[in-house]
Amino acid sequence: MIGARVRGLREEKGISLSALARLAGVGKATLSGLENGTRNPTLETLYAVTAQLGVPLTAVLAEPAAAPTVHGAAVHATVLEVFTDADATYELYRMRVSPGTGQLSPAHQPGVTEHVTVFSGVLRAGPADAPSTAAAGGYLRWDSDVPHSYAAVGDEEVTASLLLRYPRR
């Protein structure tokens, strides 16, 4: 289902499979496998591809009512809500960050921002070259049109909410 949505968006925008793979920084075989349903994409791959397509991640996931969960190297995020106003589309996630490994996420399209409220644990997140740290009750915000990272500090899993804001073009 994800693959069919990616292929549909790619074709709608008139981008070849090779061009999208190159722009997203993923292998052509990986993108082809994703589109054909023979590969299970990581969160990092999906973000790289959707950024180049200029759409929010949820544009390629199942309907939000199905509460899809996406996984990366350290982040597990479940879609809670997707909403749109005149200026932007918002995706709200329940997020867990596993201790012991970090995650580097590719840049989103220009203007995208991320907002994290930490409920438990200590999170280091933000632009890869300048992450910030927040403990339970803390809040982080950054422009995510650059590579950015997430990591649990210490050996406790982080639980948080993640809000992504995609400006309308």
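Parameters and conventions
- Residues numbered from 1 in each chain as written.
- Predicted model: local features only at pLDDT ≥ 70, side-chain atom pairs only at ≥ 80, totals over all residues.
- Heavy atoms only, no water.
- Helix = DSSP H or I, 4+ residues; strand = E, 2+ residues; numbered from the N terminus.
- Contact = heavy atoms within 4.5 Å.
- 1 Å grid on protein atoms, 1.4 Å probe; cavity = no way out; pocket = protein on both sides within 12 Å on 5 of 7 lines; lining within 4 Å.
- Points joined across faces, edges and corners; volume = space filled by probe spheres on them.
- Nonpolar A, V, L, I, M, F, W, Y, C, P; charged D, E, K, R; others polar.
- Axes fitted to C-alpha atoms, helices over the stretch in contact; angles between N-to-C directions.
- Parallel < 35°, antiparallel > 145°, perpendicular 65-115°, else oblique.
- Left-handed = near helix turned anticlockwise from the far one by under 90°.

The name an unreviewed UniProt entry assigns to the protein is Helix-turn-helix, from the organism Micromonospora avicenniae.

(A) Structural context of the environment of Ser-161. Mapping Ser-161 onto the fold places it in strand β10 (residues 158-167). Excluding residues within four positions of it along the chain, Ser-161 makes contact with Leu-92, Tyr-93, His-115, Val-116, Thr-117 and Phe-119.

(B) Inspection of empty space enclosed by the protein at higher detail. Counting across every chain of the model gives one cavity of 30 Å³ or more. There is about 50 Å³ of room inside the largest cavity. Lining of the largest cavity is provided by Leu-43, Tyr-47, Val-75, Ala-77, Met-95, Gln-103, Tyr-150 and Leu-162. When contributions to the lining of the largest cavity are tallied by element, the ones reaching two or more residues are α4 (43-53) and β2 (75-84). Considering only residue class, the lining of the largest cavity consists of seven nonpolar, one polar and no charged.

(C) Structural view of the packing of helix α2 (residues 17-24) against α4. Closest axis-to-axis distance for the α2/α4 pair is 9 Å, and the angle between their directions is 115°. Accordingly, the angle class assigned to the pair α2 and α4 is roughly perpendicular. At the point where α2 passes α4, the crossing takes the right-handed sense. Judged by residue contacts, Leu-20, Leu-23 and Ala-24 of α2 engage Ala-48, Val-49, Gln-52 and Leu-53 from α4. A breakdown of the residues in the contact of α2 with α4 according to their chemical character gives six nonpolar, one polar and no charged.

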